[in-house]
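If you want the building blocks of each chain, they are given just below.
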Amino acid sequence: MTFPPQYPRAHVRTRRWWQHPALIVALLVLLPPIGIALAWTSRWRTPGKAVATVLAGLWFLVPLLGDPPDGTAGDARPAAAPATTAPGGTAAAPPPDQVGRSLRQAKAAAAALGWRTASHDAGPEDAAQADEDAWRVCFQTTAEQPPAGPATLDFAVVRTEWPCPARDGDPIPYPAMPKVVGRTFAEAGRTLAPLAFRTVEPKGAYADVVPAAAAADGWTVCFQEPEAGQEVRSARTATAVLHLAAPGTGCPAAPGALLHPSSAPPPAAAGDDDGADERPGTSGGSAPAGSSGGSSGGSTGGSTGEGPGAGTVTPGAFCAPAGATGVSRSGAVYTCKGPDRNRWRR
């Protein structure tokens, strides 16, 4: 029996794992270069390989081609914002920090770096800054630059003796006058030092006792001006007046009272300049007579009055008329004069 001849089986190629169609498609989407390479090693027909290559290439290149315009536009925006130029056409330096300096100093420093300057009241009053040395910078902002020319640095300022507000335009937190009544004059001076008053003036709480400024440190404050809690706006141009009593002496009920009323003129003639005795040769509020001698009113300098204590005056007591003269118990000559209300003064 004859059998037909045996022919060998045709060669069949084995597909490797990296040639699996699902893997190739996934790589064409996620990693196009690798997917394209594997596609050309697969069993796909040539037209399919070409289509896969074109589509994967576009998918890979489109994002790369779209990024540069976005990045360029983003880079251009910050470059255009700080385009500040000085008057000569050169770029201005960054804005200098001038907070805390006087307005005159701040403007000079900013102008030297190529900035225009402007200023406004940092408080709610919108006051003009006529004297630039009297104003201090609290805040600064950069105004929008005009199409041509340098940018402007705007300073929000307050008067040098005032504190800055919490924010530009808020009310000024003026300091309050502290209470110094009951303290010695030296202690009160230390308490008032931060307010920087132009002068802290000692005055006698009693009209007939005048403290010497050089020896007033140990005297007690009985009354104060301004009152405790009062708003202090311009301390550097103001005077704080403290009415003092000598050590060991109690305070009067009101300023201007007499410590030694027995040596003073009768109450009807004392106290007010308007209550001066109209008789020639007398003075209201001091000696009853003898401060403007004689019976022919108008002359001064005598001590020929009548009554007990005639011819003597109490230093520091109120008196009238201005220009009258009198002699104290110690024999010193005093004149009725100011400042403020007339008193017997040397």
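Keep in mind the model is a prediction, meaning the values are calculated, not measured.

Trainee: Could you clarify how one ought to interpret the overall build of the protein in this entry?
Mentor: Regarding its fold elements, the protein presents 5 helices and 9 strands. Going from the N terminus to the C terminus, the protein shows its helices and strands as α-α-α-α-β-β-β-α-β-β-β-β-β-β. Long-range pairs, those at least 24 residues apart, make up 56% of the contacts in the protein between residues at least 6 apart in sequence. Total accessible area computed for the protein in this model is approximately 20,500 Å², and 59% of it derives from carbon and sulfur atoms.

Trainee: Hey, could you run me through a nonpolar patch on the surface in this one?
Mentor: Residues V25, V29, L30, L31, I34 and W59 make up a contiguous nonpolar surface patch of about 610 Å² in total accessible area. Here the nonpolar patch takes 3 residues from helix α1 (residues 21-30), the largest share from any one element.

Trainee: I keep staring at the pairing of strand β3 (residues 152-159) and nothing clicks. Help me out?
Mentor: Walk down a regular strand and you will see the side chains alternate between the two sheet faces. With 6 of its 8 residues buried, β3 lies for the most part within the structure. Across 6 bridges, the pairing between strand β1 (residues 116-121) and β3 is parallel. Among the inter-strand pairings, H120 is bridged to a residue of β3, identified as A156. Looking at chain direction, strand β2 (residues 135-142) and β3 are connected through 7 bridges and run antiparallel. Bridged to V137 within β3 is V157.

Trainee: Any chance you could explain helix α5 (residues 185-192) here in plain terms?
Mentor: Think of an α-helix as turning once every 3.6 residues; residues three or four places apart then point the same way. Among the residues of α5, F185, A188 and L192 are the ones counted as buried. Take α5 and look down its axis: the buried residues cluster within an arc of 60°, on one side only.

Basis of the calculations
Residues numbered from 1 in each chain as written. Predicted model: local features only at pLDDT ≥ 70, side-chain atom pairs only at ≥ 80, totals over all residues. Heavy atoms only, no water. Helix = DSSP H or I, 4+ residues; strand = E, 2+ residues; numbered from the N terminus. Contact = heavy atoms within 4.5 Å. Areas by Shrake-Rupley, 256 points an atom, 1.4 Å probe, with all protein chains shown as cover. Patch = residues over 30% accessible without salt bridge, like charges linked within 9 Å, V, L, I, M, F, W, Y side chains within 5 Å. Salt bridge = Lys/Arg side-chain N within 4 Å of Asp/Glu carboxyl O. Buried < 20%, exposed > 50% of the residue type's maximum accessible area, 1.4 Å probe, protein only. Pairing = 2+ DSSP bridges. Arc of directions from axis to C-beta.

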